[in-house]
Amino acid sequence: MIAPDRPALEPPVSSRWIASLLRPAPDSSVADNLRRGKPAWADAVHLLWSGWVFFTPIFGTGYTLRWLWLTLLTYPVFLALYARLLLAPRHHGPRYALAMVAMGLSLLPWYPAGISYFIFGCVMLRVCRETGIWRYLVQLLVLNALFVGIALWVGYPWQLVVWIPSMGLIIGIIVNVESINKDRDAALQLSQEEVRRLAATAERERIGRDLHDLLGHTLSLITLKLELSRKLFDRDPEASRREVTEAEAIARQALAEVRSAVTGIRASDLAAELASARLLLECQHVHLHYAPPPPMPPEVERGLSLVLREAATNIARHAQAHQAWIRFEQEGRSLLMEIRDDGRGGVQADGNGLGGMRERVTALHGTLVVQSVKGEGTCVTARVPLPAATAAVAALPADLPAAPSLPAGGPA
C-alpha cells in the first residue's frame with residue numbers, strides 16, 4: 001500500500017521573518033553590488049571604522065562596567081541598523097541612518113563611544129538617499145550643530161567638540177563624492193552597453209534587409225533560368241546553354257554583391273565602437289571628431305575596435321582633453337588608425353592600457369606609436385598590414401554598391 005504524500009514542512013514564522021529581513025531589495029546597496037559582480041557584503045568592510053567603539057575608553061575614563069553594558073546593548077542595534085541600511089530600498093535608507101544619529105546623540109551623556117554611531121549615521125545619510133550634495137551638506141551641518149549643542153551641555157572638552165564635527169564633514173564629503181562618481185560611472189557603463197546593443201540590433205535588421213534585397217530576386221531569377229534551360233534542353237540545346245550562361249552571370253553578380261554587403265557587415269563592430277567612444281567622451285565634455293572606417297578583414301576590425309575602446313577610455317579618465325580626433329587612412333596594403341587628443345599629454349611609460357593596446361596591434365603584425373608631449377596632447381597611431389584581397393575590395397569600381405556605414409560623429 002502506497003503511503004499518501006505528506007505535505008512539505010513549512011519553516012517556522014520566525015525563520016521566514018528573518019529570511020525576509022535578509023533579502024535585499026531590488027534597489028538596495030547589496031543588490032547593486034551583486035549586479036556589478038561584487039560580493040554582496042562588500043560594503044561591510046566599512047564596519048572596521050566601528051572599532052573606535054572599543055578604543056574610545058582608552059582615551060577617557062577607561063573600560064568600566066557601564067561601558068560594557070551599554071556596548072552589549074547598543075552595538076548589536078547598530079549592526080542591525082547598518083545591515084538594514086544596505087538591504088532596504090534606497091528611499092527607506094534615511095530612517096536607519098537617522099536612527100544611528102539619534103542613538104549616538106542620546107548616548108552622549110553616558111557613553112562617549114556612541115560618537116561612532118553618530119558619525120556612521122551622518123556619512124550614510126547621503127549614500128542611501130537620492131538628494132543633491134548641497135542638500136546633504138545642509139543636513140550634515142544641522143546634525144553637527146545639534147551634536148555641538150549637546151556636547152557642550154554635557155561638558156565635553158572643546159577639542160572633542162571641534163574635532164568630531166570636522167571629521168564628520170570631511171569623511172561624509174569624501175565618501176559621498178566617491179558614491180556620486182560611482183553612480184555616474186555605472187550610468188555611463190549602462191549607456192555604453194545600450195549603445196552597443198542598439199547598434200547590434202540595427203545591424204541585424206540591416207543584414208536581414210540586405211540579404212532579402214540581394215538574394216531574394218536574384219535566386220528567383222536563377223531558378224527561372226535553370227527551369228527554362230531544363231525545358232529547352234531537348235528541343236533547343238543552344239537556347240538551353242544560353243539560359244545556363246545567363247544564370248551563371250547572374251550568380252557571379254550576386255556573389256559580388258554579397259561580398260560587398262559582407263564588407264559593410266564586417267565594419268559594424270568598429271562603427272559601433274566609434275559611436276560608443278563618442279558617447280563616453282561627450283559625457284566627459286570631450287568632443288570627438290571621426291570619419292567612417294574603410295573596409296577591413298574581421299580580425300583586423302576586432303583588434304582595432306579593442307584598441308579604440310582602450311584609447312577612448314584613457315582619454316576620458318586621464319587626458320583632461322576638450323577635443324579628440326580619430327582618423328583612418330589606407331595606404332596601399334596597410335591601414336592606419338590615428339587617435340589624437342588635445343589633453344595634458346606627458347605620457348612617459350606604458351601602463352596597463354597602452355601595454356594592452358600594443359599587444360593587440362602586435363598580434364595583428366602591426367606597430368603602435370605613441371607621441372605624448374606634455375601640454376600638447378597625445379597621439380596614438382596604429383598601423384596594421386592588410387591582405388591583398390582587402391586592398392582590392394577598397395579599389396572596386398564606383399558602380400558597385402558601397403558598404404554602408406554610420407555617419408561621421410562630427411566635423412573631421
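Up top is the structure these notes are about.
Overview of the structure. Quantities reported herein were computed from a predicted structural model and do not represent experimental measurements.

Attention now moves to the overall build of the protein. Looking only at helices and strands, the protein has 13 helices and 5 strands in total. Looking at the protein as a whole, 39% of its 412 residues are labelled buried. Taking contacts inside the protein between residues at least 6 apart in sequence as the whole, the part at least 24 apart equals 67%. A total of about 24,200 Å² of accessible surface is found on the protein, and carbon and sulfur atoms cover 64% of it.

Before going further, it helps to spend a moment on the pairing of strand 2 (residues 323-331). One ladder, built from 4 bridges, connects strand 1 (residues 287-290) with strand 2; its direction is parallel. Within the sheet, the bridge partner assigned to H289 lies in strand 2 and is W325. Here strand 2 pairs with strand 3 (residues 334-341) via 8 bridges, running antiparallel. Along strand 3, the bridge assignment pairs F328 with M337.

We now examine the packing of helix 4 (residues 65-87) against helix 5 (residues 93-106). At a minimum axis separation of 8 Å, helix 4 and helix 5 run at an interaxial angle of 160°. Comparing their axes, helix 5 and helix 4 come out roughly antiparallel. The way helix 4 lies across helix 5 gives a crossing that is left-handed. Here T74, V77, F78, L81, Y82, R84 and L85 of helix 4 lie close against helix 5, whose contacting residues are G93, Y96, A97, A99, M100 and M103.

Strand pairing in a sheet takes place through backbone hydrogen bonds and is either antiparallel or parallel in direction. Spatial ordering of the open sheet is given by 1-2-3-5-4, a layout of 5 strands whose pairing is mixed. Each of the sheet's edge strands pairs with one partner strand only, and the pair in question is strand 1 and strand 4 (367-372). This sheet shows a mean twist of 10° between the axes of neighbouring strands, independent of strand direction.

All right, on to a nonpolar patch on the surface then. Together, W49, W52, F54, F55, I58, F59 and Y63 give the surface a local cluster of nonpolar side chains, amounting to about 840 Å² of exposed area. Looking at the secondary structure, you find F55 in helix 3 (residues 52-55).

Going through the model one piece at a time under the given rule, you end up with 1 cavity of 30 Å³ or more. There is about 30 Å³ of room inside the largest cavity. What lines the largest cavity is A277, L281, L288, L308, A312, I315, A324, I326 and I339. Every element with two or more residues in the lining of the largest cavity is listed here: helix 10 (268-283), helix 11 (298-319) and strand 2. Ranked by residues supplied to the lining of the largest cavity, first place goes to helix 11 with 3 residues. In terms of residue class, the lining of the largest cavity is built from 9 nonpolar, no polar and no charged.

Moving on, we come to the layout of surface pockets. Here the largest pocket is characterised by a volume of approximately 1,300 Å³. Looking at the lining of the largest pocket, the elements that each hand over two or more residues are helix 2 (29-35), helix 4, helix 6 (115-127) and helix 8 (158-232). With 11 residues, helix 8 is the largest single contributor of residues to the lining of the largest pocket. In terms of residue class, the lining of the largest pocket is made up of 31 nonpolar, 11 polar and 8 charged.

Another aspect to go through is helix 4. Over its 23 residues, helix 4 runs 34 Å from end to end, which matches the ideal 33 Å to within 8%, given 1.5 Å per residue. Of all the bends found along helix 4, the most pronounced is centred on T71 and spans about 30°.

Residues Y111, I115, Y117, F118 and F147 are the most contacted members of the largest nonpolar core, which totals 41 residues. Elements with a minimum of two residues in this core: helix 4, helix 5, helix 6, helix 7 (133-154) and helix 8. Apart from residues lying up to four places away in sequence, I115 is in contact with L108, F147, Y156, L160 and I164. Grouped together as the second largest cluster of nonpolar side chains are 34 residues, F328, L335, V361 and L368 included.

Before going further, it helps to spend a moment on the side chain of T74. Secondary-structure assignment places T74 in helix 4. Once residues lying within four places of it in the same chain are set aside, the contact partners of T74 are M103, L107, Y111 and Y117.

In this section: the pattern of salt bridges. Where charged atoms of side chains with opposite charge meet at close range, the side chains can pair. The tally for this structure, following the rule as stated, stands at 6 salt bridges. Between E238 and R241 there is a salt bridge, with the nearest N and O atoms lying 2.5 Å from each other. Here E238 and its partner R241 are both found in helix 9 (residues 237-266), 3 residues apart, which amounts to about one turn of the helix. On the basis of relative accessibility, which here comes to 45%, the residue E238 falls in the partly exposed class.

Calculation criteria
Residues numbered from 1 in each chain as written. Predicted model: local features only at pLDDT ≥ 70, side-chain atom pairs only at ≥ 80, totals over all residues. Heavy atoms only, no water. Helix = DSSP H or I, 4+ residues; strand = E, 2+ residues; numbered from the N terminus. Buried < 20%, exposed > 50% of the residue type's maximum accessible area, 1.4 Å probe, protein only. Contact = heavy atoms within 4.5 Å. Areas by Shrake-Rupley, 256 points an atom, 1.4 Å probe, with all protein chains shown as cover. Pairing = 2+ DSSP bridges. Axes fitted to C-alpha atoms, helices over the stretch in contact; angles between N-to-C directions. Parallel < 35°, antiparallel > 145°, perpendicular 65-115°, else oblique. Left-handed = near helix turned anticlockwise from the far one by under 90°. Patch = residues over 30% accessible without salt bridge, like charges linked within 9 Å, V, L, I, M, F, W, Y side chains within 5 Å. Salt bridge = Lys/Arg side-chain N within 4 Å of Asp/Glu carboxyl O. 1 Å grid on protein atoms, 1.4 Å probe; cavity = no way out; pocket = protein on both sides within 12 Å on 5 of 7 lines; lining within 4 Å. Points joined across faces, edges and corners; volume = space filled by probe spheres on them. Nonpolar A, V, L, I, M, F, W, Y, C, P; charged D, E, K, R; others polar. Expected span 1.5 Å × (residues − 1). Bend = angle between axes of the 7 residues up to and from the residue. Core = buried A, V, L, I, M, F, W, Y, C linked by side-chain atoms within 4.5 Å.

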